[in-house]
Amino acid sequence: MTRMSETELLKIIRRVTGISQAAGKQEAMQPDSVVAENYARVVAEVMRRNGIELNGVDMRDIRTRVLELLAYRRRVQMYRESEKKTYQWKKPERLRR
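Residues numbered from 1 in each chain as written. Predicted model: local features only at pLDDT ≥ 70, side-chain atom pairs only at ≥ 80, totals over all residues. Heavy atoms only, no water.

(A) Molecular detail of the overall build of the protein. When you go through the protein residue by residue, the secondary structure sums to three helices and zero strands. In the protein, the order of α-helices and β-strands from amino to carboxyl end is α-α-α. Expressed as a percentage of the 97 residues in the protein, the buried residues total 18%. (Helix = DSSP H or I, 4+ residues; strand = E, 2+ residues; numbered from the N terminus. Buried < 20%, exposed > 50% of the residue type's maximum accessible area, 1.4 Å probe, protein only.)

Now the structure itself:
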């Protein structure tokens, strides 16, 4: 099995997913289902180059795992952002009676 360089992997990813190098923030704004499908296509292409064909169940499993990973990352990011927001008490302007 030959080892692919990062440059070769990026070329495959861009070709399979149709992403140009100047895409920038468009990549980050794609729905999770599109990202998962792109990951599955890239993995299938790399596996095909190594002589292994993936079937529909394999592709579904890859998409499912990618969606789980994206959901986990989003939850972790949400927790980190909520930890940053600390409560700051402010003295009321006037007392209620």
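(B) Here's a closer look at helix H2 (residues 32–49). End to end, H2 covers 26 Å across 18 residues, agreeing with the expected 26 Å (1.5 Å per residue, within 8%). Looking only at H2, the buried set comprises Val35, Ala36, Asn38, Ala40, Val42, Ala44, Glu45 and Val46. The first or second residue beyond H2 is Gly51, which carries a positive phi of 85 degrees. (Expected span 1.5 Å × (residues − 1).)

(C) Seen up close, the nonpolar core. Counting residues in each nonpolar core, the largest one holds eight residues, listed as Val35, Ala36, Ala40, Ala44, Met59, Ile62, Val66 and Leu70. Those residues in contact with Ala40 that sit more than four places away from it in its chain are Met59, Ile62 and Arg63. (Core = buried A, V, L, I, M, F, W, Y, C linked by side-chain atoms within 4.5 Å. Contact = heavy atoms within 4.5 Å.)

(D) Quick look at the confidence of the model for the protein. Looking at the protein, the pLDDT average stands at 78 and 75% of residues meet or exceed 70. When the elements of the protein are averaged for pLDDT, helix H1 (residues 6–17) gives the smallest value, 69, and helix H3 (residues 56–84) the largest, 87. (pLDDT = per-residue confidence, 0-100.)

(E) Local environment of the pattern of salt bridges. Applying the stated rule across the entire model yields seven salt bridges. Between Glu45 and Arg48 there is a salt bridge; the shortest N-O distance is 2.7 Å. Here Glu45 and its partner Arg48 are both found in helix H2, three residues apart, which amounts to about one turn of the helix. Under the relative-accessibility criterion, Glu45 is labelled buried at 12%. (Salt bridge = Lys/Arg side-chain N within 4 Å of Asp/Glu carboxyl O.)

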